Number of protein chains: 2
Amino acid sequence: MKTQLKKGALELCVLAVLARGDSYAYDIVNQLSRSMAISEGTVYPLMRRLQDEAWVSTYLVESSSGPSRKYYRLTPAGHAALAAMQTEWREFVSEIDSVLVPSSASLELPQ
Amino acid sequence: MKTQLKKGALELCVLAVLARGDSYAYDIVNQLSRSMAISEGTVYPLMRRLQDEAWVSTYLVESSSGPSRKYYRLTPAGHAALAAMQTEWREFVSEIDSVLVPSSASLELPQ
DNA sequence: CCATGTACTTTGTAATGCAAGGTATTTGGC
DNA sequence: GCCAAATACCTTGCATTACAAAGTACATGG
């Protein structure tokens, strides 16, 4: 159920994580896990998609605690995509909120 | 692309529209069209799902301008589902925003 | 040497948005 | 009377994506 809400937003989240610095899939999963439920089976195919879109480039780095890590780095196109998706995200949230609270554009923030 | 973001949120939107008063699918599409892109092929199957969940009940009303309208009315369970989904929605937005802006919990609202 | 943690990947399933197409009713123009 | 347009319903098939589950491989410690 909540699963459906995530569709499309996770891509944005991964790009946002990479904007803070290069990382590898296993670590991205761990970073996102602090904020939300996320599984490996979601992220690995997503990384492939980002690569196919040329939004990330990759390089391998050997690890002393396991197999080599495949690092992902945002390309210029990736940065542009991130910016576009952030705008899209805000528009999307506004759209939904305008349906939920049709008379007012601003929301109270309980916490 | 934007399509993916909508997954799961449209159900919430339809329930929110129905909370403001009984309506029929064709009209719900038109109401939501003011705020967002939405198509009939999305809404009709969605209405069926809401019925299967017993979140809405239906009744027919004849129209003088076309075929009979199938009105949907929120059941008590539907109202409860709406409340739960609104909470879920706010939590979801907070989660994503916390990934996008990791250092601060509050956002500036440009407009 | 074997369990645990790290790290990558693939396969199949479920959910859902949408385009496209189809049916039926009413009204209004020609 | 007839035909287009608006109203209103519905279905089929496709694409996308989240996830569980399973599998592979390396490193370390008991």
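Presented here is a report on the structure given in the accompanying data block. Keep in mind the model is a prediction, meaning the values are calculated, not measured.

Taken residue by residue, the interface counts 29 residues in chain B and 29 residues in chain A. Area buried by chain B at its contact with chain A is led by Leu5, Trp89 and Val99 of chain B, which between them contribute 21% of it. One can count two salt bridges joining chain B with chain A. Salt-bridge contacts for Glu95 of chain A lead to Lys2 of chain B; the nearest nitrogen and oxygen are separated by 3.4 Å. At the junction of chain B with chain A, the criterion picks out ten residue pairs in polar contact (both at pLDDT 80 or more). Elements that contribute at least two residues to the side of chain B that touches chain A include exactly helix H1 (2-6), helix H2 (9-19) and helix H5 (76-100) of chain B. At twelve residues, the largest contribution of residues to the side of chain B that touches chain A is made by H5 of chain B. Looking at the side of chain B that touches chain A residue by residue, the class counts come to 15 nonpolar, six polar and eight charged.

A few words on the protein's contact with DNA strand D. Surveying the vicinity of DNA strand D reveals 29 residues, the closest of which are Lys6 and Lys7 of chain A together with Tyr26, Arg69 and Lys70 of chain B. Of everything in DNA strand D that lies within 4 Å of the protein, sugar and phosphate atoms constitute 75%. In the model, a phosphate oxygen of DNA strand D is placed 2.9 Å from a nitrogen or oxygen of the Thr42 of chain A side chain. Residue Lys70 of chain B places a side-chain N or O atom 2.6 Å away from a phosphate oxygen belonging to DNA strand D. Among the elements of the structure, helix H1 (2-6) and helix H4 (40-52) of chain A together with helix H3 (25-33), helix H4 (40-52) and strand S3 (69-74) of chain B are those that each provide at least two residues to the surface near DNA strand D. A per-element tally of the surface near DNA strand D places H4 of chain A first, with four residues. The residue makeup of the surface near DNA strand D, split by class, is ten nonpolar, twelve polar and seven charged.

Residue and element names in this part refer to chain A. Here the structure, examined in full by the defined rule, presents six salt bridges over all chains. A salt bridge links Glu11 to Arg49; its shortest N-O distance comes to 4.0 Å. On the criterion of sequence distance, the pair formed by Glu11 in helix H2 (residues 9-19) and Arg49 in helix H4 is long-range, its members being 38 residues apart. Measuring nitrogen to oxygen at the nearest pair gives 3.5 Å for the salt bridge that ties Arg73 to Asp22. Highlighted residues: Arg73 in strand S3 (residues 69-74) and Asp22 in the loop between H2 and strand S1 (23-24), separated in sequence by 51 residues. Arg73 sits in the partly exposed class, given a relative accessible area of 42%.

A few words on the protein's contact with DNA strand C. Residues in close proximity to DNA strand C total 29 residues, the closest being Tyr44, Arg69 and Lys70 of chain A together with Lys6 and Lys7 of chain B. In the model, a phosphate oxygen of DNA strand C is placed 3.2 Å from a nitrogen or oxygen of the Tyr24 of chain A side chain. A distance of 2.6 Å separates a base oxygen of DNA strand C from a polar side-chain atom of Lys7 of chain B. Of all elements in the fold, only helix H3 (25-33), H4 and S3 of chain A together with H1 and H4 of chain B reach the threshold of two or more residues within the surface near DNA strand C. Among the elements that make up the surface near DNA strand C, the one with the highest residue count is H4 of chain B (four residues). In terms of residue class, the surface near DNA strand C is made up of ten nonpolar, twelve polar and seven charged.

The rules behind each value
- Residues numbered from 1 in each chain as written.
- Chains lettered and ligands numbered in written order.
- Predicted model: local features only at pLDDT ≥ 70, side-chain atom pairs only at ≥ 80, totals over all residues.
- Heavy atoms only, no water.
- Contact = heavy atoms within 4.5 Å.
- Buried area = accessible area lost by both parts, 1.4 Å probe.
- Salt bridge = Lys/Arg side-chain N within 4 Å of Asp/Glu carboxyl O.
- Polar contact = N/O pair within 3.5 Å; in protein donor to acceptor, adjacent residues only side chain to side chain.
- Helix = DSSP H or I, 4+ residues; strand = E, 2+ residues; numbered from the N terminus.
- Nonpolar A, V, L, I, M, F, W, Y, C, P; charged D, E, K, R; others polar.
- Near = heavy atom within 4 Å.
- Buried < 20%, exposed > 50% of the residue type's maximum accessible area, 1.4 Å probe, protein only.

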